[in-house]
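Coordinate inspection notes
Chain by chain, the residues:
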Amino acid sequence: MKRKMPVILALLAVCSLYLFYTYFLMPAAENNRESLAEQYKTLQRYQRLVKGAGTTEAEVNALISETKSVEKRLMDEKSDFLASARMQREISDLTGKTGLNVATVRPLNAVKVNNFSVIPIYFEGNGNIKQVSEFLKLVEANSLLLKIEKLSLNITNMQQPEDLRFKIQIAGLNRA
């Protein structure tokens, strides 16, 4: 029995080491692995957030510069009457450049919106399709921020469908 005792103790030690490894070390290692994987995912989320913060700052700076460029296109007249007169002058210049025949030009009542005034101008006349197209291009490219609120085009003569009668309402924005 004394000879078998070291073998039995060695076998018992090996079995206890195996049981310790199987029931204690393996689950703890698996828990640590899951915890590390979860922390790694959290770290990746934070990294994306930090990268996104730089992008957001760049987007905000782009919006600020775009807002400044739009503000340069606003009218800065002292009164709505002066802003309306400027709008009429701009419309007359644009229609003169394109060769449109304007029959009537009528300023409409200004509308207050927060710190701004919307200055609408209504005008009607006639011209051909190419002239109207050029006029619309010039309105889009104008140094003032102009918005076409209403546009009505009618053919005046069925034998010459390129001759049009137009009714247009354009509005500009003035700082109040």
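Just above sits the structure.
Cut-off values and rules
Residues numbered from 1 in each chain as written. Predicted model: local features only at pLDDT ≥ 70, side-chain atom pairs only at ≥ 80, totals over all residues. Heavy atoms only, no water. Helix = DSSP H or I, 4+ residues; strand = E, 2+ residues; numbered from the N terminus. Polar contact = N/O pair within 3.5 Å; in protein donor to acceptor, adjacent residues only side chain to side chain. Contact = heavy atoms within 4.5 Å. Buried < 20%, exposed > 50% of the residue type's maximum accessible area, 1.4 Å probe, protein only. Axes fitted to C-alpha atoms, helices over the stretch in contact; angles between N-to-C directions. Parallel < 35°, antiparallel > 145°, perpendicular 65-115°, else oblique. Left-handed = near helix turned anticlockwise from the far one by under 90°.

Some points on the side chain of Asn142
With respect to the helices, strands and loops of the structure, Asn142 is situated in the loop between α3 (129-141) and β4 (146-157). Only 3.3 Å separates the side chain of Asn142 from the side chain of Glu90, close enough to count as a polar contact. Once you skip the residues sitting within four places of it in the chain, Asn142 turns out to touch Arg73, Glu90 and Leu94.

Quick look at the environment of Val60
Structurally, Val60 is set in helix α1 (residues 4-72). By relative accessible area, which is 41% here, Val60 ends up partly exposed. The sequence separation of Val60 and Asp76 amounts to 16 residues, and the corresponding C-alpha distance is 26 Å.

Thoughts on the packing of helix α2 (residues 80-98) against α3
Contact geometry for α2 and α3: axes closest at 9 Å, N-to-C directions at 140°. By the criterion of interaxial angle, the relationship of α2 to α3 is oblique. For the pair α2 and α3, the sense of crossing is right-handed. In this structure, α2 contributes Ile91, Leu94, Thr95, Lys97 and Thr98 to the contact, and α3 contributes Gln131, Glu134, Phe135, Leu138 and Val139.

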